[in-house]
Amino acid sequence: MISLKKLNKVYETKSGQVTAVNNVNLEINKGEIFGIIGYSGAGKSSLIRLLNGLEKPTSGSVHVAGSHIDSIKGAKLRKARQEISMIFQHFNLLWSRTVRENIAFPLEIAGVKASARKKRVDELIKLVGLEGREEAYPAQLSGGQKQRVGIARALANNPKVLLCDEATSALDPQTTDSILDLLVDINERLGLTIVLITHEMHVIRKICHRVAVMENGEVVEQGNVLDVFRNPQKPITKRFVKQVTEPDETNEVVAHLLELYPKGKVIQLTFVGESAEQPIITNLIRNYSIEVNILQGKISQTQSGSYGNLFIHLDGNEAEINKALAFIYEQNVEVEVIANA
Ligand SMILES: Nc1ncnc2c1ncn2[C@@H]1O[C@H](COP(=O)(O)OP(=O)(O)OP(=O)(O)O)[C@@H](O)[C@H]1O
Ligand SMILES: [Mg+2]
């Protein structure tokens, strides 16, 4: 659906050249939710503007939904861009138009007749869950509702690709989740390909199938979300993964516990896929005469399976602890003895 080859974007500025996108190669499949994560200035928005032809690459090729976006112009480009919609962090709604009129806007531009327009707008309002709010103005809507209008408007002309640039960054966590659920629903129902840009690993974890990590204009790592969570390669990727798997207070909790329990072992278990649901702890307690204290744990769902992190403290006589450890090693979990008191 999307193919980027040797893509470069260099901006000329008064203070010299800025390389915003540096030799990016990416293949994104039809029906995929593909995440691009990076810190501020990594080049994410530049990359997305190359995808919809808002910017021309300095070199390299951009192929989206059957069109060579990098080389077409004028009417051809406008036509190709109907296949590539976008939603924004700050919604970019028309403030003097109602919900219905905002959603109808791209249909008007595409020359859809009034009766067909009304029918389509009604469908879209239902799809994004805005029934009853049709005549409201954007100023009368919550952030989540505004983004629903943005999504409905983006879907009006049946695009093949939806680009999302920090589409949930202005929303609170709960509203973020409901918008992400809506994107998954749309992806599944319509088979729409979604490219999503974010600086939050939570967003990637929750809805993306694959992810690319951007740093200084380059894609430094990419893969299936679960694989990247399980085995991040680059330091920047490890930092992003920790946003989700390791709450800030973990180190404090562990340090405190080591003081509290000067004996035994503190262990970090990482569960991936099916093993996340296995009752390992129950088996430990039942089968070994040790004490097991759960310090901190979290299981997260990704699109391709669950991923969990559990810190436990094992106490008891050393031989028994070692037996228990041997049992854990046999399970399909990663084990790290992080402190050996
Ligand atoms: N139109 C422009 N002219 C000159 N430089 C630009 C332009 N747009 C972006 N840049 C520069 O390109 C680099 C990448 O910017 P970009 O906006 O793509 O990053 P980003 O990853 O989207 O960041 P953020 O998370 O803050 O939105 C930055 O150094 C930025 O200053
Ligand atoms: Mg940006």
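Residues numbered from 1 in each chain as written. Chains lettered and ligands numbered in written order. Predicted model: local features only at pLDDT ≥ 70, side-chain atom pairs only at ≥ 80, totals over all residues. Heavy atoms only, no water.

Colleague: Would you mind going over the overall build of the protein with me for this structure?
Modeller: Counting its regular elements, the protein contains 12 helices and 14 strands. On the principal axes, the C-alpha backbone points of the protein span a range of 80 × 50 × 35 Å. A separation of at least 24 residues holds for 69% of the contacts in the protein among residues at least 6 apart in sequence. For the protein, the accessible surface area stands at approximately 16,400 Å², while carbon and sulfur atoms represent 47% of it. Averaging the positions of the 40 positive and the 39 negative side-chain charges in the protein gives two centres separated by 11 Å. (Helix = DSSP H or I, 4+ residues; strand = E, 2+ residues; numbered from the N terminus. Contact = heavy atoms within 4.5 Å. Areas by Shrake-Rupley, 256 points an atom, 1.4 Å probe, with all protein chains shown as cover. Lys, Arg positive; Asp, Glu negative; His and termini not counted. Charge placed at Lys NZ, Arg CZ, Asp CG, Glu CD.)

Colleague: Honestly, the environment of Ile207 in this entry has me stumped. Any pointers?
Modeller: Relative to the helices and strands, Ile207 resides in helix α7 (residues 201-207). For Ile207, a relative accessible area of 0% puts it in the buried group. Dropping the residues within four chain positions of it, Ile207 is found in contact with Ile33, Leu180, Leu183, Val184, Leu196 and Gln303. (Buried < 20%, exposed > 50% of the residue type's maximum accessible area, 1.4 Å probe, protein only.)

Colleague: How should empty space enclosed by the protein be read in this particular structure?
Modeller: Per the stated rule, a full pass over the model turns up 2 cavities of 30 Å³ or more. In this structure, the largest cavity is lined by Cys164, Glu166, Ala167, Thr168, Leu180, Leu183, Leu196, Ile197, Thr198 and Val203. Listed by contribution, the elements that provide at least two residues to the lining of the largest cavity are α6 (173-190) and β8 (193-198). The element contributing the most residues to the lining of the largest cavity is β8, with 3 residues. Grouping the amino acids of the lining of the largest cavity by side-chain chemistry returns 7 nonpolar, 2 polar and 1 charged. (1 Å grid on protein atoms, 1.4 Å probe; cavity = no way out; pocket = protein on both sides within 12 Å on 5 of 7 lines; lining within 4 Å. Points joined across faces, edges and corners; volume = space filled by probe spheres on them. Nonpolar A, V, L, I, M, F, W, Y, C, P; charged D, E, K, R; others polar.)

Colleague: Please explain the packing of helix α5 (residues 143-155) against α6 as it appears in this structure.
Modeller: Between two packed helices, both the angle of their axes relative to each other and the distance between the axes serve to describe the pair. Following both chains from N to C, one finds α5 and α6 inclined at 20°, their axes separated by 10 Å at the closest point. Relative to α6, α5 is oriented roughly parallel. In this structure, α5 meets α6 at a crossing whose hand is right-handed. Together, Gly144, Gln147, Arg148, Ile151 and Leu155 of α5 and Thr175, Ser178, Ile179, Leu182, Leu183, Ile186 and Leu190 of α6 make up the contact between the two elements. Split into classes, the residues belonging to the contact of α5 with α6 amount to 7 nonpolar, 4 polar and 1 charged. (Axes fitted to C-alpha atoms, helices over the stretch in contact; angles between N-to-C directions. Parallel < 35°, antiparallel > 145°, perpendicular 65-115°, else oblique. Left-handed = near helix turned anticlockwise from the far one by under 90°.)

Colleague: Looking at this structure, I do not really get α5. What am I missing?
Modeller: Side chains of residues three or four places apart in an α-helix project in the same direction, reflecting 3.6 residues per turn. With 13 residues, α5 extends 18 Å between its outermost C-alpha atoms, agreeing within 8% with the 18 Å of an ideal straight helix rising 1.5 Å per residue. Counting buried positions along α5 yields 11 of 13 residues, so the element is predominantly enclosed. (Expected span 1.5 Å × (residues − 1).)

Colleague: Can you help me understand the site of ligand 1 in this one?
Modeller: Around ligand 1, 13 residues are found, and the nearest of them are Ser40, Gly41, Lys44, Ser45 and Ser46. At 2.8 Å, a side-chain N or O of Ser45 approaches an oxygen atom of ligand 1. Separating an oxygen atom of ligand 1 from a side-chain N or O atom of Ser46 is a distance of 2.6 Å. Calculation on ligand 1 without its partners gives an accessible area of 630 Å², and the protein chains cover 62% of this total. At the level of elements, β1 (2-13), β2 (16-28) and α1 (44-51) are the ones that each hand at least two residues to the shell around ligand 1. Per-element tally for the shell around ligand 1: the top contributor is α1, with 4 residues. (Near = heavy atom within 4 Å. Polar contact = N/O pair within 3.5 Å; in protein donor to acceptor, adjacent residues only side chain to side chain.)

Colleague: Whenever I open this one, the layout of surface pockets confuses me. Can you help?
Modeller: Rolled over the atoms, a probe as big as a water molecule pinpoints where empty space is left. Roughly 650 Å³ of internal volume is contained in the largest pocket. Considering the residues around the largest pocket, the lining is formed by 18 residues, among which Arg81, Ile84, Ser85, Met86 and Pro106 are closest to the centre. Broken down by secondary-structure element, the contributors of at least two residues to the lining of the largest pocket are α2 (74-81), β6 (84-88), α3 (99-109) and α5. When residues of the lining of the largest pocket are assigned to their parent elements, the largest contribution, 4 residues, is made by β6.

Colleague: Sorry if this is basic, but what is going on with the nonpolar core here?
Modeller: Across soluble globular proteins, you tend to see nonpolar side chains buried next to one another. The biggest cluster of nonpolar side chains holds 53 residues, and the ones touching the most others in it are Ile151, Leu183 and Met201. Ranked by residue count, the leading element in this core is α6, at 6 residues. Setting aside its immediate chain neighbours within four residues, Met201 contacts Ile37, Val228, Phe229, Phe240, Val241, Gln243 and Val244. Formed by 29 residues, the second largest nonpolar core is a distinct cluster that contains Val21, Leu26, Leu47 and Leu50. (Core = buried A, V, L, I, M, F, W, Y, C linked by side-chain atoms within 4.5 Å.)

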